[in-house]
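# Reading the structure
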Amino acid sequence: MKKVVKFGGSSLASAEQFQKVGDIIRADESRVFVVPSAPGKRNSQDTKVTDLLYKIYGMMESNRPYLKVLEQIKIRYAEIIRGLGLKVSLVKEFEEIRKQLEKGAGEDYVISRGEYLNGKIMSAYLGYDFVDAANVIRFNDDGTLDAEETYRLMKAQLEAHPKAVIPGFYGSRKNGTVVTFSRGGSDITGSLVARAVKADIYENWTDVSGFMVADPRIVKDPEVIHTITYEELRELAYMGASVMHEDAIFPVSQVGIPINIRNTNDPEAEGTMIVERTSRVSKYTITGIAGMRGFVALNIAKDKMNTAVGFCRKALTAFEENGVSVEHMPSGIDTMSVIVHQKDFSEKEQQVISRIEELCEPDHLDIESDFALIAVVGRGMKSTRGTAGRLFSALAHAHINIKMIDQGSSELNIIIAVSNDDFENAIRAIYDIFVMAQI
Ligand code: ASP
């Protein structure tokens, strides 16, 4: 058994948190590859080390003195080292960073140092080898990941280091310049390591006990999802639910390595298993609910639209030409609606409308804004009768008007649109009927 374990910033924010992480790793011999983030917030007022590094880069860019902020970072690491009673010194590393800053280091180099330094401490604390991510994660010249080369490099190097710490978030181009993933990218590093070493499982340790059925800011103490498929997760993530970086899913899902979301502050909790497929029946008909506010519908009407060949294509051309992504497209006989994100659309709305007028000559065109989409997702819906019926009657009981309904052909999700004002009540009503009422 071989496990790759990734720890997020809040799991490594202080010496105390490091100790919890140490206990978790030592409790299981198979936790052999460790991917740390940079130290996160210790409390709500605190600043993440990565954000301090961004600040340094911003100061460098505008020629402002940044050494005080660098000192602040030094102190944070010194506190962790002292708290853990380690002998390790980061003097040389900070000297090198300072030199690079003076030489005008690139942004990615600067913001990646949080993970690099935390990796050094973690390696000393665990007695695991340190493998610099810059030597095993390869980016192309255009900044995209070279996955094949990354797997090759990682496999070769990690074979020589059976127990290793690989800092998250960054890698490098062939010429050695550091490149980072987008924010939260240590999740991707963990996933790449898991794939390269053919891990049995990728544990992603964070500060929640798993993926929840609904957003805890809307539903009080929602249940944790025990098992979820990659497909279900993608549907929910697309609608804004997230526990990890979206790009972290593909490397492991392609080869069927499960991800286990775990809580560093509650290591006994089983967390959520994310799997390719499962015979486990979900506890409820639905697996999760997620949604987002801020959508707009363009309603287009034209007599005899049903027989006008090419009408939809022409209407969609207007969106494509203006670079607006279309989310949904419910239609009637003589009407079609195109649903888009308000933020993508508002700047370009006049261009899109005039292009639709030109291409489609509609009888009527109106815009409805300020509504929310909610996705009710679950592999169990396919085999259960009456899911839609229960969903709609729950919303009717809550006096919520449904503006649109869309069930994907895979029967994995039902998407509904409601007004922005009804958003939270709708999610609560759906949670109540499927989870609280246990159906
Ligand atoms: N430290 C980086 C961030 O704050 C990357 C990560 O934590 O995954 O985004």
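Residues numbered from 1 in each chain as written. Predicted model: local features only at pLDDT ≥ 70, side-chain atom pairs only at ≥ 80, totals over all residues. Heavy atoms only, no water.

## Notes on the overall build of the protein chain
Defined as follows: The secondary structure listing takes helices from DSSP runs of H or I that are at least 4 residues long and strands from runs of E that are at least 2 residues long, numbered from the N terminus. For the radius of gyration, the atom set is restricted to C-alpha positions; the globular benchmark scales as 2.2 Å times the number of residues to the power 0.38. The rule is simple: take the accessible area with a 1.4 Å probe, protein chains only, and divide by the maximum for that residue type; under 20% is buried, over 50% is exposed, in between is partly exposed. Contact between two residues is taken to exist if any of their heavy atoms lie within 4.5 Å; hydrogens are not considered. Surface accessibility in these figures is a Shrake-Rupley result with a 1.4 Å probe; residues are shielded only by whichever protein chains are displayed. Neither His nor the chain ends contribute to the count of charged residues, in which Lys and Arg are positive and Asp and Glu negative. Charged groups are reduced to one reference atom each: NZ for lysine, CZ for arginine, CG for aspartic acid, CD for glutamic acid.
The helix and strand tally for the protein chain stands at 14 helices and 16 strands. Over its C-alpha trace the protein chain gives a radius of gyration of 25 Å, about what one expects of a compact globule, namely 22 Å for 439 residues. Referenced to the eigenvectors of the C-alpha coordinate spread, the extents of the protein chain come out at roughly 75 × 50 × 40 Å. Across the 439 residues of the protein chain, 51% fall into the buried class. Here the contacts in the protein chain between residues at least 6 apart in sequence split such that 75% fall between residues at least 24 apart. Looking at the protein chain as shown, the accessible area adds up to about 20,500 Å², and 48% of this sits on carbon and sulfur atoms. The distance from the centre of the 52 positive side-chain charges to the centre of the 61 negative ones in the protein chain is 6 Å.

## What about helix H8 (residues 230–238)?
The test is simple: The arc in question is the one traced by the directions running from the helix axis out to the C-beta atoms.
Those residues of H8 that fall on the buried side of the exposure criterion are Tyr230, Glu232, Leu233 and Leu236. Down the axis of H8, the buried side of the element spans an arc of 155°, and every buried residue falls inside it. Where H8 terminates, the next one or two residues include Gly240, which has phi positive at roughly 100°.

## Digging into the site of the ligand
Here is the rule we go by: When at least one non-hydrogen atom of a residue lies within 4 Å of a molecule or strand, that residue is treated as near it. As used in this structure description, the phrase polar contact means that two N or O atoms lie within 3.5 Å; if the pair is within protein, one of them must be able to donate a hydrogen and the other to accept it, and residues adjacent in sequence are counted only when both atoms belong to side chains. Cavity: a set of points on a 1 Å grid over the protein atoms alone where a 1.4 Å probe fits but cannot get out. Pocket: an open set with protein on both sides within 12 Å along at least five of seven lines, its lining residues, like those of a cavity, having an atom within 4 Å of a point. Each molecule is checked against the cavity or pocket grid, and it sits inside if more than half of its atoms lie within 2 Å of the grid points. Residue polarity is assigned by list, with Asp, Glu, Lys and Arg as charged and Ala, Val, Leu, Ile, Met, Phe, Trp, Tyr, Cys and Pro as nonpolar; anything else, Gly included, falls into the polar class.
With respect to spatial proximity, the complete set of residues near the ligand consists of Ser37, Lys48, Thr50, Glu115, Phe169, Arg183, Gly184, Gly185 and Ser186. Separating an oxygen atom of the ligand from a side-chain N or O atom of Ser37 is a distance of 3.1 Å. Between an oxygen atom of the ligand and a main-chain N or O atom of Gly185, the distance comes to 3.3 Å. Under a 2 Å grid-point criterion requiring more than half of the atoms, the pocket assigned to the ligand is the largest pocket. Within the shell around the ligand, the residues separate by chemical class into one nonpolar, five polar and three charged.

## Observations concerning the packing of helix H2 (residues 49–61) against helix H5 (residues 107–126)
How two helices sit against one another is set out by the angle between their axes and by the gap between those axes. Which entries qualify depends on this criterion: Axis lines are fitted to C-alpha atoms, over the contacting stretch for helices. Their N-to-C directions set the angle, which ranges from 0 to 180 degrees. Just so you know how the angles are binned, under 35 degrees is roughly parallel, over 145 roughly antiparallel, 65 to 115 roughly perpendicular, and the rest oblique. We call a crossing left-handed when the near helix sits turned anticlockwise from the far one by less than a right angle, and right-handed when that turn is clockwise.
Where H2 meets H5, the closest approach of the two axes is 8 Å, and the angle between their N-to-C directions is 155°. Considering their axes alone, H2 and H5 lie roughly antiparallel with respect to each other. In the packing of H2 onto H5, the handedness of the crossing is right-handed. Contacts from Val49, Thr50, Leu53, Tyr54, Ile56, Tyr57 and Met60 of H2 reach H5 at Glu107, Val110, Ile111, Arg113, Gly114 and Glu115. Here the contact of H2 with H5 is composed, by residue class, of eight nonpolar, two polar and three charged.

## Thoughts on the sheet that holds strand E9 (residues 259–263)
Counted only if it meets this: Any two strands with at least two DSSP bridges between them are considered paired.
The eight strands are arranged E3-E4-E2-E1-E7-E9-E10-E8 in an open sheet whose pairing can be described as mixed. Whereas interior strands pair on both sides, the edge strands pair on one side only; in this sheet they are strand E3 (129–130) and strand E8 (227–229). Helix-sheet contacts for helix H1 (residues 15–26) involve strand E1 (3–7), strand E2 (31–36) and strand E7 (201–206), and the interaxial angle to E1 is about 170°.

## As for the pattern of salt bridges
The cut-off we apply is this: In the sections that follow, a salt bridge refers to a side-chain nitrogen of Lys or Arg positioned within 4 Å of a carboxyl oxygen of Asp or Glu.
For the structure on display, the rule yields 29 salt bridges. Between Lys155 and Glu159 there is a salt bridge, and its shortest N-O distance comes to 3.4 Å. Remark: Glu159 and Lys155 occur in helix H6 (residues 147–159); sequence separation between them is four residues, near one turn of the helix. Residue classification places Glu159 among the exposed positions, given a relative accessible area of 59%. Salt bridges here are not isolated pairs; linked through shared partners, they connect Lys3, Asp28, Arg31, Glu203 and Arg262.

## Description of the layout of surface pockets
So the rule is basically this: Grid points are joined across faces, edges and corners, and a volume is the space filled by probe spheres set on the points.
In this model, the largest pocket occupies a volume close to 640 Å³. Put simply, the parts of the chain that give the lining of the largest pocket at least two residues each are helix H7 (186–196) and E7. Here the element with the most residues in the lining of the largest pocket is E7; it accounts for three residues. Classifying every residue of the lining of the largest pocket gives seven nonpolar, 13 polar and eight charged. In this model, the second largest pocket occupies a volume close to 400 Å³. For the second largest pocket, the lining is made up of 23 residues, of which Asp215, Pro216, Arg217, Ala241 and Ser242 are closest to its centre. For the lining of the second largest pocket, the secondary-structure elements that each account for two or more residues are strand E11 (288–301) and helix H14 (423–436). In terms of residue count, E11 provides more of the lining of the second largest pocket than any other element does, four residues in total.

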